[in-house]
Amino acid sequence: MATHTLLALIFASLVGLSYQQTCSTQSGKDITAPNLREVNGVPEFQCCSLCSTTSGCRAYAWNNYQGGTCWLKGSTGPVIDNGGANIGVMAGAEDEFRVVAFYHGTWDVAHISFAREAARYFPTIQAQHGFTYEQTTDWSRLNDNYLANVDVIMILDDRVNVASQQAAVQRFVERGGGYLGFHVSAFTQNSNEWPWYHNTFLGSGNFRHNTWKPTPAVLQVDRNHPATANLPETFRSQHSEWYAWTNDLRNNPNIQVLLSVHQSSFPVGTDQGGIWY
């Protein structure tokens, strides 16, 4: 089974969306979320159209700054009282299932390829599977205000390394937000740098070793979860690099292992307990 098909099935099990290019408005309100874009010298009635044609825009705030300015927002909140401003929210924005992927795209050819392939692939399936997808290099969006209206974050080619962003990700996950990390997003040789993430959330602890070069393997699927319910019991993976960790996830009662290397593919490297990440 192709990796693209696997990811499509996982997303299809999670999302639902209806969408129109109209806005519901409120007077005397403002949205404090970061601005995606500002457009000066326009009347308010143009803001909804501008939002609908701006990637990731879900709402706007308008005031009379510089002859009228549309402040286009990636989030519908937080909303505050402001007698000098009006806001509009795209129809369906409150109900959309929103996925935002973070990447750098600057280091390691394999890691860069994750971001490039994601940028090509996920926009082609978002309408079919009922989610909106945005990919950004602006890691400062990993804050409480921005994440308040995000359902899933994806980390494509790096780790979250800034303490304030790590804290925001933890709060996001603990309130029920979804997380999908690619490959190096789990890597560490010092899990105490972010103990909640490496030791509690992932549960993997420290990187121990990996296989090289990349090789395919037959994967065994636990289908007792919405993300894997539509997958076959086993399938052959694409070529992958397989990590081993200091912690055995099978011994952690708080973690359900959904995909693992089938015994028919042993040995993969030197660790028969290798888990697919």
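Above this text is the structure in question.
Residues numbered from 1 in each chain as written. Predicted model: local features only at pLDDT ≥ 70, side-chain atom pairs only at ≥ 80, totals over all residues. Heavy atoms only, no water.

S.K.: What is the right way to look at the overall build of the protein chain in this model?
M.R.: Counting secondary structure elements, the protein chain contains six helices and 14 strands. Taking all 277 residues of the protein chain together, 46% fall into the buried category. Considering only residue pairs separated by 6 or more positions, the protein chain has 70% of its internal contacts joining residues 24 or more positions apart. Of the roughly 13600 Å² that the protein chain leaves accessible, carbon and sulfur atoms contribute 47%. (Helix = DSSP H or I, 4+ residues; strand = E, 2+ residues; numbered from the N terminus. Buried < 20%, exposed > 50% of the residue type's maximum accessible area, 1.4 Å probe, protein only. Contact = heavy atoms within 4.5 Å. Areas by Shrake-Rupley, 256 points an atom, 1.4 Å probe, with all protein chains shown as cover.)

S.K.: Would you take a moment to explain the environment of Gly74 for this structure?
M.R.: Relative to the helices and strands, Gly74 resides in the loop between strand E4 (69–73) and strand E5 (79–90). Separated by 76 residues in the primary sequence, Gly74 and Val150 have C-alpha atoms spaced 9.2 Å apart. Residue contacts for Gly74: discarding those within four places in its chain leaves Pro34, Leu36, Gly56, Arg58 and Arg98.

S.K.: I keep staring at the nonpolar core and nothing clicks. Help me out?
M.R.: Nonpolar side chains in soluble globular proteins generally cluster together in the buried interior. Counting 23 residues, the largest nonpolar core has Phe102, Leu142, Leu147, Val150, Ile153, Val160 and Val169 as its most contacted members. Broken down by secondary-structure element, the contributors of at least two residues to this core are strand E6 (98–102), helix H4 (144–147), strand E8 (152–155), helix H5 (163–174), helix H6 (195–201) and strand E13 (243–245). By residue number, the principal contributor to this core is H5, which donates four residues. Discounting chain neighbours no more than four positions away, the residues touching Val150 are Arg98, Val100, Phe172 and Arg175. (Core = buried A, V, L, I, M, F, W, Y, C linked by side-chain atoms within 4.5 Å.)

S.K.: What's the story with the sheet that holds strand E9 (residues 178–181) in this structure? I'm lost.
M.R.: Remark on secondary structure: sheet strands pair via backbone hydrogen bonds, oriented parallel or antiparallel. Reading across the sheet, the four strands line up as E7-E6-E8-E9 and stay open at both edges, with parallel pairing between neighbours. Edge strands, defined here as strands with exactly one partner in the open sheet, are strand E7 (132–136) and E9. Across this sheet, the average inter-strand angle for adjacent strands is 20°, counted without regard to direction. Relative to E7, E6 is paired through five bridges, and the arrangement is parallel. Its bridge partner lying in E7, Val99 is registered against Tyr133. Against the sheet, helix H3 (residues 109–129) engages E7 and E8, with an angle of about 160° to E7. (Pairing = 2+ DSSP bridges. Axes fitted to C-alpha atoms, helices over the stretch in contact; angles between N-to-C directions.)

S.K.: Is there a simple way to explain the pairing of E6 in this structure?
M.R.: Regular strands place side chains that alternate from one sheet face to the opposite one. The buried fraction of E6 is high, at five of five residues. Alternating residues of E6 divide into Arg98, Val100 and Phe102 and Val99 and Ala101, and every residue in both groups is buried. Running through H3, the crossover from E6 to the neighbouring parallel element E7 is right-handed. For E6 and E8, the ladder comprises four bridges, and the chain directions are parallel. Bridged to Phe102 within E8 is Ile155. (Right-handed = clockwise from strand over helix to strand, strands pointing away.)

S.K.: Just to check I follow, could you spell out the state of the cysteines for this structure?
M.R.: Such a bond, covalent and formed between the sulfur atoms of two cysteines, is termed a disulfide. By the definition in use, this model includes three disulfides. A disulfide bridge connects Cys47 with Cys70, and the sulfur atoms are separated by 1.9 Å. What sets the handedness of the Cys47 and Cys70 disulfide is the S-S torsion sign, and at about -85° it is left-handed. Linking Cys47 in helix H2 (residues 47–52) with Cys70 in strand E4, this pair joins segments that are 23 residues apart in sequence. Judged by relative accessible area, which is 0%, Cys47 ranks as buried. Bridging Cys51 to Cys57, the disulfide has an S-S length of 2.0 Å. In this structure the cystine formed by Cys51 and Cys57 twists about its S-S bond by roughly -105°; its chirality is therefore left-handed. Accessibility expressed as a relative area gives 6% for Cys57, which makes it buried. Disulfide partners in the protein chain, listed by the sequence order of the bonded cysteines, are 1-3, 2-6, 4-5. (Disulfide = S-S within 2.5 Å.)

S.K.: Just to check I follow, could you spell out unusual backbone geometry for this structure?
M.R.: A negative phi angle characterises most non-glycine residues, just as the trans form characterises most peptide bonds. We note that Asp108 has phi near 75°; this positive angle belongs to a residue other than glycine. Assignment of secondary structure puts Asp108 in the loop between E6 and H3. Take Asp108: its relative accessible area is 32%, and that puts it in the partly exposed class. For His183, which is not glycine, the phi dihedral falls at a positive 50°.

S.K.: Can you help me understand the pattern of salt bridges in this one?
M.R.: Oppositely charged side chains can pair when the atoms bearing their charge come close. Taken as a whole, this structure holds seven salt bridges when the rule is applied. Between Glu134 and Arg141 there is a salt bridge whose closest N-O contact spans 2.5 Å. Overall, Glu134 belongs to the buried group, its relative accessible area being 8%. The partner of Asp248 in a salt bridge is Arg250, and the shortest N-O contact between them spans 2.8 Å. Overlapping salt bridges, with partners in common, bring together Arg98, Glu134, Asp138 and Arg141 in one network. (Salt bridge = Lys/Arg side-chain N within 4 Å of Asp/Glu carboxyl O.)

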